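What the coordinates show
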Amino acid sequence: MGGHGKRVRVSERERERERERERERERERKRERGRGRERERERERERERERERERERKRARKREREREREREREREREREGERKGERKREERERKREREREREREREREREREREIERERGERERERERERDRERESNREREGR
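These remarks concern the structure in this document. (Residues numbered from 1 in each chain as written. Predicted model: local features only at pLDDT ≥ 70, side-chain atom pairs only at ≥ 80, totals over all residues. Heavy atoms only, no water.)

1. Regarding the overall build of the protein chain
When you go through the protein chain residue by residue, the secondary structure sums to 1 helix and 0 strands. Relative to a compact globule of 144 residues, whose C-alpha radius of gyration would be 15 Å, the protein chain shows 61 Å and is clearly more extended. Taken across its 144 residues, the protein chain has 1% of its residues classed as buried. Taking the intrachain contacts of the protein chain between residues at least 6 apart in sequence as the baseline, contacts between residues at least 24 apart amount to 0%. Surface summary for the protein chain: the accessible area is close to 13,700 Å², and the carbon and sulfur share equals 52%. Between the centroid of the 70 positive side chains of the protein chain and the centroid of its 56 negative side chains there is a distance of 13 Å. (Helix = DSSP H or I, 4+ residues; strand = E, 2+ residues; numbered from the N terminus. Rg over C-alpha atoms; globule rule 2.2 N^0.38 Å. Buried < 20%, exposed > 50% of the residue type's maximum accessible area, 1.4 Å probe, protein only. Contact = heavy atoms within 4.5 Å. Areas by Shrake-Rupley, 256 points an atom, 1.4 Å probe, with all protein chains shown as cover. Lys, Arg positive; Asp, Glu negative; His and termini not counted. Charge placed at Lys NZ, Arg CZ, Asp CG, Glu CD.)

2. Concerning the pattern of salt bridges
Pairing is possible between side chains that carry opposite charge, provided their charged atoms lie close to one another. Under the counting rule described, the total for this entry stands at 88 salt bridges. A salt bridge links Glu56 to Arg59, with the nearest nitrogen and oxygen atoms 3.0 Å apart. Pair noted here: Glu56 and Arg59 are both in helix α1 (residues 2-143), with a separation of 3 residues, about one helical turn. The partly exposed category is assigned to Glu56, whose relative accessible area is 34%. Classification of Arg59 as partly exposed rests on a relative accessible area of 38%. (Salt bridge = Lys/Arg side-chain N within 4 Å of Asp/Glu carboxyl O.)

3. Regarding the environment of Gly34
Along the polypeptide, Gly34 turns up in helix α1. We classify Gly34 as partly exposed; its relative accessible area is 23%. Residues Gly34 and Glu82, 48 residues apart in the sequence, show an inter-C-alpha distance of 71 Å.

4. So, the environment of Glu50
Mapped onto the elements of the fold, Glu50 is located in helix α1. Taking the C-alpha atoms as reference, Glu50 lies 56 Å from Glu12; in sequence the two are 38 residues apart.

The following block contains the structure:
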């Protein structure tokens, strides 16, 4: 009959140890879940960082395109300026050409004037000689 009590105590201790192991397993599962949640949060943070990097790359590409467009506009303005400069130069050239043309025209005009003057002088001298001859012949006639 005494042995029976001992058996009970053994099973009591057995149950105690069983409960202890159960509590241990429970704590382990909790830690596991905690670690699982921790890992999940870590993965979430990682994904967030990845998305952030992606957004950053996108912004960088956008800025790059923007800069490229700006450089293109700059080159366009430069070409426009060159074309304007070209047009201005051509305009000045044409102006100078017209000026030279007018100058040549005036020169020809002066030349014609001198020519007319010379011819007038020539005719004048011719008439003078004609009159001289006339007078000479008159004198001769009268002198006879």
